[in-house]
Amino acid sequence: MSDTLDTLENLTYDELHEGDTATFTRSLSENELVLFAAVSGDVNPVHLDPEFAACSMFGERIAHGMWSGSLISAALATVMPGPGTIYLDQSLSFKRPVKLDDTLTVSLTVLRKEPKNRVIFQCAVTNQNNQKVVTGEAKVIAPTEKVILYKPTLPKITIEGCG
């Protein structure tokens with residue numbers, strides 16, 4: 001894989017082997033939490049309302065479970081196998097809540113390769129305390145052609161306010 005920060009390099013089906021691993025890390029900021037709510041439409045007050053969340057079983061606001069799941073998607077799409085990967089299936093088991101400012105690391109492990117360029121990955125998401133927050137398996141179609149691409153420049157997104 002490319003080690004430069006401005007490029008993405010995939011691993012083809014033929015380059016993947018059982019037991020291969022990769023990681024992807026991201027932290028949850030207030031802005032990301034609010035943006036995920038805006039994009040997904042999930043405005044459950046346990047994510048957005050501190051007073052409501054204080055009375056919940058968690059005692060504070062927590063991240064959307066699918067934010068953690070989306071990090072698995074990002075890891076598969078950008079790290080292993082990388083660009084050209086087609087996501088087919090995902091099982092997720094949510095083990096503990098993710099809180100603001102948590103740093104999550106997705107760990108992917110190739111469990112097995114199947115016909116037609118299918119690859120099964122074990123997926124584990126851990127927080128900064130090495131506690132599992134999500135586990136599961138993913139099935140993808142791995143790319144068959146090698147590519148190295150520049151990462152796209154995304155627009156700057158600002159949050160103007162709630163309401």
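What this report covers is the structure whose coordinates are included nearby. Just so it is clear, the model here is predicted, and its values are computed rather than measured.

What counts, and where the lines are drawn
- Residues numbered from 1 in each chain as written.
- Predicted model: local features only at pLDDT ≥ 70, side-chain atom pairs only at ≥ 80, totals over all residues.
- Heavy atoms only, no water.
- Helix = DSSP H or I, 4+ residues; strand = E, 2+ residues; numbered from the N terminus.
- Contact = heavy atoms within 4.5 Å.
- Areas by Shrake-Rupley, 256 points an atom, 1.4 Å probe, with all protein chains shown as cover.
- Lys, Arg positive; Asp, Glu negative; His and termini not counted.
- Charge placed at Lys NZ, Arg CZ, Asp CG, Glu CD.
- Buried < 20%, exposed > 50% of the residue type's maximum accessible area, 1.4 Å probe, protein only.
- Polar contact = N/O pair within 3.5 Å; in protein donor to acceptor, adjacent residues only side chain to side chain.
- Salt bridge = Lys/Arg side-chain N within 4 Å of Asp/Glu carboxyl O.
- Core = buried A, V, L, I, M, F, W, Y, C linked by side-chain atoms within 4.5 Å.
- Phe/Tyr/Trp six-rings, centres within 6.5 Å; stacked < 30°, edge-to-face > 60°.
- Lys NZ or Arg CZ within 6 Å of the ring centre and 35° of its normal.
- Pairing = 2+ DSSP bridges.

### So, the overall build of the protein
Now for step 1: Looking only at helices and strands, the protein features four helices and seven strands.
Now for step 2: Sequence-ordered secondary structure for the protein, helices as α and strands as β, is β-β-α-α-α-α-β-β-β-β-β.
Now for step 3: The dimensions of the protein, computed from C-alpha atoms along their principal axes, are 50 × 35 × 25 Å.
Now for step 4: For the protein, the proportion of contacts with a sequence separation of at least 24, taken over those separated by at least 6, is 68%.
Now for step 5: On the protein, roughly 9,600 Å² of surface is accessible, and the fraction owed to carbon and sulfur atoms is 53%.
Now for step 6: The average position of the 14 basic charges and that of the 20 acidic charges among the side chains of the protein differ by 5 Å.

### A word on the side chain of threonine 126
Now for step 1: With respect to the helices, strands and loops of the structure, threonine 126 is situated in strand S5 (residues 118–126).
Now for step 2: Excluding residues that lie within four positions of it along the chain, threonine 126 makes contacts with Thr103, Leu104, Thr105, Gln131, Lys132 and Val133.

### Some details on the environment of glutamate 9
Now for step 1: Mapped onto the elements, glutamate 9 comes out in strand S1 (residues 7–9).
Now for step 2: On the accessibility criterion, glutamate 9 (14% relative accessible area) is buried.
Now for step 3: Sequence separation between glutamate 9 and leucine 149 is 140 residues; the distance between their C-alpha atoms is 6.5 Å.
Now for step 4: A polar contact of 3.1 Å, which involves the side chain of glutamate 9, links it to the side chain of lysine 146.

### Side note on the pattern of salt bridges
Now for step 1: Inspection of the entire model under this criterion finds seven salt bridges.
Now for step 2: The shortest N-O distance in the salt bridge between lysine 99 and glutamate 60 comes to 3.0 Å. Of this pair, lysine 99 sits in the loop between strand S3 (86–94) and strand S4 (103–114) while glutamate 60 sits in the loop between helix H3 (50–54) and helix H4 (65–78), placing them 39 residues apart in sequence.
Now for step 3: You can call lysine 99 partly exposed: its relative accessible area is 27%.
Now for step 4: Judged by its relative accessible area of 36%, glutamate 60 falls in the partly exposed class.
Now for step 5: The shortest N-O distance in the salt bridge between glutamate 114 and arginine 112 comes to 3.2 Å.
Now for step 6: Residues joined in a network through salt bridges with shared partners are Glu9, Glu15 and Lys146.

### Notes on the nonpolar core
Within soluble globular proteins, side chains that are nonpolar generally end up buried alongside one another.
Now for step 1: Formed by 30 residues in total, the largest nonpolar core has its most connected members in Leu16, Ile72, Met80, Val106, Leu108, Val119 and Phe121.
Now for step 2: Those residues in contact with isoleucine 72, other than ones at most four positions away along the chain, are Tyr87, Gln90, Leu92, Val106, Leu108, Cys123, Val125 and Val134.

### Some details on the packing of aromatic side chains
Now for step 1: The tally for this structure, following the rule as stated, stands at zero aromatic pairs.
Now for step 2: The ring of tyrosine 13 carries lysine 113 above its face, with NZ or CZ at 4.3 Å from the centroid.

### With respect to the environment of alanine 124
Now for step 1: Topologically, alanine 124 is positioned in strand S5.
Now for step 2: Between the C-alpha atoms of alanine 124 and glutamate 137, which are 13 residues apart in sequence, the distance is 8.5 Å.
Now for step 3: Leaving out residues up to four positions away in the same chain, alanine 124 has contacts with Thr105, Val106, Ser107, Lys132, Val134 and Thr135.

### Describing the pairing of strand S6 (residues 132–141)
Now for step 1: Where S3 meets S6, eight bridges bridge the pair, whose relative direction is antiparallel. Bridging from a neighbouring strand, serine 93 pairs with threonine 135 of S6.
Now for step 2: Summarising the sheet, S5 and S6 pair through nine bridges and their orientation is antiparallel. Residue pairing for S6: phenylalanine 121 is matched across the bridge by alanine 138.
Now for step 3: Counting the residues in the hairpin turn of S5 and S6 gives five residues, including asparagine 130, whose phi is positive at 60°.

Don't take any of this as a statement about function, it's just geometry.
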